[in-house]
Amino acid sequence: MTVTRAVALVLAFVLTAVLGGVLAAALVLPTVAVANGTTDLAVEAFEDLPSEIERQPLSERSTVLASDGTTVLATFWAENRVVVPLTAVAEPLQQAVIAIEDKRFYRHGGIDPEGMVRALVRNLQSSGRTEGASTLTQQYVKNVLIEQAVRAGDPAGAEAAREASGPEGYARKLREAKLAIALEKEMTKDQILEAYLNIAQFGVNTYGVEAAARRYFSKPAAEVTYLEAATIAGVTQSPTAYDPVRNPEAAQERRDLVLRLMHEQGYLTADELATGLAMPIADTLHVDTRPVGCMAAETTVPGSGYFCDYVTKVIRNDPAFGATEAERVDRLYRGGLTITTTLDPREQTLAAAAVQAGVPADDPSGVATALVTVEPGTGKITSMAQNRRYNNTEDHGDRETAVNYSTDFAYGGGSGFPPGSTFKPFTLAQWLKEGHSLSERVNGTRFSYRFSEFRTSCTRLDPRTEYRFANAEGPRSGGVMSVLDATRNSVNSGYIAMASQIDICGVFDTATALGIHKPGGSSGEGPFDPLPANVLGSNSVSPLSMAAAFAAFANSGTYCVPVAILSVTDTDGQALPVPPGGCTPGALEPRVADAVTYALQNVWSGTAATDPPPFPSAGKTGTTSHNEHTWFVGYTPLRATAVWVGFADRMLPMQRITINGRYIRNVFGSSVAVPIWKSFMIPTLEGQAVPAFAPPGQDEVLGKQLPVPRVVGRDVAGAQAALQRAGFRVSVAAAVPDPAPAGTVLRQSPSGTATAGATVTIVPSGGPAPAPPPEAPPAAPPAAPPAPP
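In this text, all values refer to a predicted model and were calculated from it rather than measured experimentally. Every residue gets a number counted from 1 within its own chain, in the order that chain's sequence is written. Residues qualify for local features only when their pLDDT is at least 70, as the model is predicted, and side-chain atom pairs are given and counted only at 80 or more; totals for whole chains, interfaces and linings, by contrast, use all residues. Here the side-chain values reflect all heavy atoms present in the structure, with hydrogen atoms and water set aside.

### Overview of the pattern of salt bridges
In step 1: One speaks of a salt bridge when a side-chain nitrogen belonging to Lys or Arg is within 4 Å of a carboxyl oxygen belonging to Asp or Glu. Summed over the entire model, instances satisfying the criterion amount to 23 salt bridges.
In step 2: The partner of Glu 434 in a salt bridge is Arg 455, with the nearest N and O atoms 3.2 Å apart. With Glu 434 in the loop between helix H18 (424–433) and strand S10 (441–443) and Arg 455 in the loop between strand S11 (448–450) and strand S12 (466–468), this pair connects stretches of sequence that are 21 residues apart.
In step 3: Three labels apply to residues, based on accessible area from a 1.4 Å probe with only protein chains included: buried if under 20% of the type maximum, exposed if over 50%, partly exposed otherwise in between. Judged by its relative accessible area of 31%, Glu 434 is partly exposed.
In step 4: When the shortest N-O distance is used, the salt bridge between Glu 589 and Arg 591 registers 3.2 Å.
In step 5: Residue Arg 591 is classed as partly exposed on the basis of its relative accessible area of 30%.
In step 6: One salt-bridge network, held together by shared partners, links Glu 79, Arg 81, Asp 330 and Arg 334. Secondary structure elements are taken from DSSP: a helix is a run of H or I of four residues or more, a strand is a run of E of two residues or more, and numbering for both begins at the N terminus.

This is the structure:
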């Protein structure tokens, strides 16, 4: 007998058995028409069904790792599954599944005619519970069809594949039978068993025996005992009803049934059976109770839930992971990815400790704080922490949230925070780009300017608008000062005076080149608005953007896009594309960046007056108008860290407030943010050789020395024009009398060479001094009085 003839005979037998059962069942229906329709449905279903099944890769959980490649931050799944080979499944577990599901598995050809006939007869005789007759091969086919429907977004199709009654149910069984027979010709028995053990559901959101073993017993499937194997095998008939965590009593009854069947089929001895039946199921469980997703990261590496969440948003948003958002999410939750990130576990632990020590999560003040670190030269995000616990469920406490204060709205953040004076370095950079120096002096006595006094090449401001502002130290803190001192002491009036001498649009172009942008949400998106108020940091920004921008200062002007993902591999270990990131050398000219860093190194003798760290460092404090938001963004050549402190959901002044047991009249950047920064950065860089910053150029510090045109002897107008063309400002002193014609320049200071942009004072002639009026002739002496008689 040929193989073809044998298969044909089996098919004929099964078809006869199944159709006979269908017709017999139809006898109890009220009309012959229904029976005929049922027969037609069964015949059509069997004849028209394909004989091949498309098997796509199983949905597997993805794993997010820290930068060390071993620390698991979190796993993500739509179906909690880890695919393993049959060799990684303990033999008792294989035996238990066969014993309860298909004892003739290794003897039939995909369907079990004997079992099908028996089940059909019993179902016809039963008025209630029905008996199944599916082989393991048929059950595997059923699970494949369910998986296909789920992946296609067809919940109705998935439900129909799971459960169908009446004619549709018999048609489904026919379909499974035909596909099972075809599958047995394509795959070996061990291959089918392996596939089944990986696809079947073994509990609530638990798929495959590996995930089940890890969930119920905290061990791999290769290590389970026969008793544990019986527990797992018993679950699959009803993954919810027999889940041993949710329903231990029902699960134990089902486990005991599996044990008895294993004994009957020769897999267990009588002693093993007795021992197993005597063991309460609760005593065998060692349930993995770790939270799932990014909430698990919180416990693995302290405070890393927010970084984990940021990674998921990168995957959701970036086309590197798929053409549409739905594809990208599906890839994360079903693709079995291994995602290695940039998070340094040691640094993250220190960051979490620093923010909690600075402002504990349960501090009565309710003040929040966030810290984020970027590596200059690479853009790697090495730490991200805040004094809140990550919780993305609806059931969260007052100091728990899923909002990531460090990031943009699209990446799980809010609307950012006004940076205050931490924005001033971008104005300083533009000042230096336009040829000015740190030594130039500016007049910081004014606290009111009209828009007409500012140059804006990219827009038109209403010249009539008046801009008023103040210094944090009060009106007496202004005066004439060097730009270096205006930076050291963060003098608003000095910086607005600087802004009035440069192109304000250039300030925001410079900031944009270094990654500064609105974070989305209620703050909007795009570059900062070119307004004088934003020179002092009125628009909002995320701490991550600030850390990345200051990292460019640290790296001589090379800006690197922040990156959180180092590599991604699929289930076969093949590398997949990751977001490109990338660095832009010259985003800011090195001469400018190095001079900015030189100025910001003076922060330790200015607004952050304190003992400086034991390594080269620079930074800038920031405080908004009424102390609502305070910052410190500091950096070394190895790390750039931004620290924000304030109220996350409203503009509430931090004045006359007690934070972490300390009363503070007015909170500034130096009050809380600077200590947090130091408490993180000092231990982070301990033991590392921190290199020095690149030195600044003399022109940027002292100013470029230019020849001063000699204008003595020229008229005032011509002298002014010549000096201004040469790059100097002009101050005209009061005229003095001189024989030279009025308006002729008599003296200038300085002469020879001077710093570009310096003020040259010229003294004009007032013309010859007027001749004194002629002297009057002396008056005649009065006549002598007549002599007395």
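### Digging into helix H24 (residues 673–684)
In step 1: By this rule, a helix spans an expected 1.5 Å times one less than how many residues it contains. Over its twelve residues, H24 runs 16 Å from end to end, which matches the ideal 16 Å to within 8%, given 1.5 Å per residue.
In step 2: Where H24 is buried, its residues meet helix H17 (345–358), strand S6 (368–374), strand S7 (381–386), strand S20 (618–623), strand S21 (629–635) and strand S22 (640–646). Should any heavy atoms of two residues lie within 4.5 Å, those residues are counted as being in contact.

### Observations concerning the side chain of Thr 510
In step 1: Examined against the element boundaries, Thr 510 turns out to sit in helix H21 (residues 504–513).
In step 2: Residues contacting Thr 510, with those up to four places away along its chain left out, are Phe 426, Ala 429, Gln 430, Lys 433 and Leu 588.

### Here we look at the state of the cysteines
In step 1: Pairs of cysteine sulfur atoms within 2.5 Å are what we label disulfides. Under the counting rule described, the total for this entry stands at three disulfides.
In step 2: A sulfur-sulfur separation of 2.1 Å characterises the disulfide bridge that pairs Cys 560 with Cys 583. Taking the sign of the torsion about the S-S bond as the criterion, the disulfide between Cys 560 and Cys 583, at about 110°, is right-handed. Note that Cys 560 is positioned in strand S16 (residues 559–560) and Cys 583 in strand S19 (residues 583–584), a separation of 23 residues in sequence.

### Points about the layout of surface pockets
By rolling a water-sized probe across the atoms, one finds the places where empty space is left.
In step 1: One number sums up the size of the second largest pocket: a volume of about 850 Å³.
In step 2: Throughout, the protein atoms alone are placed on a 1 Å grid, and a set of points is a cavity if a 1.4 Å probe fits but cannot get out or a pocket if it is open with protein on both sides within 12 Å along at least five of seven lines; lining residues have an atom within 4 Å of a point. Arg 61, Thr 75, Trp 77, Asp 288 and Arg 290 are the residues nearest the centre of the second largest pocket, which is lined by 35 residues in total.
In step 3: Elements supplying a minimum of two residues to the lining of the second largest pocket: strand S2 (72–76), strand S3 (80–81), helix H9 (208–217) and helix H14 (294–300).
In step 4: Each residue is assigned to one class: nonpolar for Ala, Val, Leu, Ile, Met, Phe, Trp, Tyr, Cys and Pro, charged for Asp, Glu, Lys and Arg, and polar for all the others, Gly among them. Its residues assigned to classes, the lining of the second largest pocket shows 13 nonpolar, twelve polar and ten charged. Grid points are joined across faces, edges and corners, and a volume is the space filled by probe spheres set on the points.

### Remarks on the environment of Asn 539
In step 1: Within the element layout of this structure, Asn 539 appears in the loop between strand S15 (525–526) and helix H22 (543–554).
In step 2: C-alpha of Asn 539 to C-alpha of Gly 420: the two residues are 119 residues apart in sequence and 8.7 Å apart in space.
In step 3: Look past the residues within four positions of Asn 539 in its chain and what remains in contact with it is Phe 417, Pro 418, Pro 419, Lys 518, Phe 528, Asp 529 and Asn 534.

### Quick notes on helix H3 (residues 91–101)
In step 1: Counting buried residues along H3, nine of its eleven residues qualify, which places the element largely inside the surrounding structure.
In step 2: Where H3 is concerned, the buried positions are Leu 93, Gln 94, Gln 95, Ala 96, Val 97, Ile 98, Ala 99, Ile 100 and Glu 101.
In step 3: Of the surrounding secondary structure, the elements contacted by the buried residues of H3 are helix H5 (136–151), helix H8 (189–199), H9, helix H10 (226–235) and helix H11 (248–264).

### Regarding the pairing of strand S17 (residues 565–569)
In step 1: As paired strands, strand S5 (residues 338–341) and S17 are joined by four bridges and run antiparallel to one another. Across the sheet, the residue bridging to Thr 340 is Ser 567, located in S17. When DSSP finds two or more bridges between two strands, those strands count as paired.

### Points about the sheet that holds S5
In step 1: Pairing is mixed in the open sheet, where five strands are placed in the order S2-S1-S5-S17-S18. Only two strands of the sheet have a single neighbouring strand rather than two, namely S2 and strand S18 (575–576).
In step 2: Both S17 and S18 contribute to a ladder of two bridges, which runs antiparallel. Looking at the pairing, Val 568 lines up with Leu 576 of S18.

### Concerning the packing of H18 against H21
In step 1: For every element, the axis is a line fit to its C-alpha atoms; helices are fit only across the contacting stretch, and the angle between N-to-C directions ranges from 0 to 180 degrees. Between H18 and H21, the shortest axis-to-axis distance is 8 Å and the interhelical angle comes to 115°. In terms of orientation, H18 lies roughly perpendicular with respect to H21. Our pair here, H18 against H21, has a crossing hand that is right-handed. Only Gly 506, Val 507, Thr 510 and Ala 511 of H21 make contact with H18, whose side of the interface consists of Phe 426, Thr 427, Ala 429, Gln 430 and Lys 433.
In step 2: For the contact of H18 with H21, a count of residues per class yields four nonpolar, four polar and one charged. Working rule for angles: under 35 degrees goes down as roughly parallel, over 145 as roughly antiparallel, 65 to 115 as roughly perpendicular, anything else as oblique. Each crossing gets its handedness from the near helix: less than a right angle anticlockwise from the far helix is left-handed, clockwise is right-handed.

### Describing the nonpolar core
In step 1: The nonpolar core is taken to be a set of buried Ala, Val, Leu, Ile, Met, Phe, Trp, Tyr and Cys residues, with the residues joined through side-chain atoms within 4.5 Å. Counting 96 residues, the largest nonpolar core has Ile 339, Phe 426, Leu 428, Leu 514, Ile 516, Phe 550 and Tyr 635 as its most contacted members.
In step 2: Aside from chain neighbours lying at most four places away, what touches Leu 428 is Leu 438, Val 483, Thr 487, Tyr 495, Met 498, Val 596 and Ala 599.
In step 3: Residues Leu 58, Val 82, Val 84 and Ala 90 belong to the second largest nonpolar core, which totals 55 residues.

### Notes on the packing of H22 against helix H23 (residues 590–600)
How two helices pack is summed up by the angle between their axes together with the distance between the axes.
In step 1: Viewed as axis vectors pointing N to C, H22 and H23 meet at an angle of 105°, and their least axial separation amounts to 8 Å. In terms of their interaxial angle, H22 and H23 are classed as roughly perpendicular. The residues of H23 that touch H22, namely those facing Phe 550, Ala 552, Phe 553 and Ala 554, are Ala 593, Val 596, Thr 597 and Leu 600.

### Side note on the packing of aromatic side chains
In step 1: Each aromatic pair joins two rings of Phe, Tyr and Trp (for Trp, the six-membered one) with centres within 6.5 Å, and gets the label stacked for planes under 30 degrees apart, edge-to-face for over 60, and tilted for any other angle. According to the stated counting rule, one finds 24 aromatic pairs in the structure shown.
In step 2: Taken together, a centroid distance of 5.9 Å and an interplanar angle of 35° make the contact between Phe 426 and Phe 553 tilted. Taken as a pair, Phe 426 in helix H18 and Phe 553 in helix H22 lie far apart in primary sequence, 127 residues in all.
In step 3: Residue classification places Phe 426 among the buried residues on the basis of a relative accessible area of 0%.
In step 4: Overall, the relative accessible area of 1% leaves Phe 553 in the buried class.
In step 5: A connected cluster of aromatic rings, assembled from ring pairs, spans Phe 423, Phe 426, Phe 508, Phe 528, Phe 550, Phe 553, Tyr 635 and Phe 693.
In step 6: The side chain of Lys 189 reaches across the aromatic face of Phe 105, ending 4.6 Å from its centre.
In step 7: Here the guanidinium or amino end of Arg 446 rests over the ring plane of Tyr 449, the centre of that ring lying 4.0 Å away. Whether a charge sits over a ring comes down to the Lys NZ or Arg CZ being within 6 Å of the ring centre and within 35 degrees of the ring normal.

In short, geometric facts, not functional conclusions.
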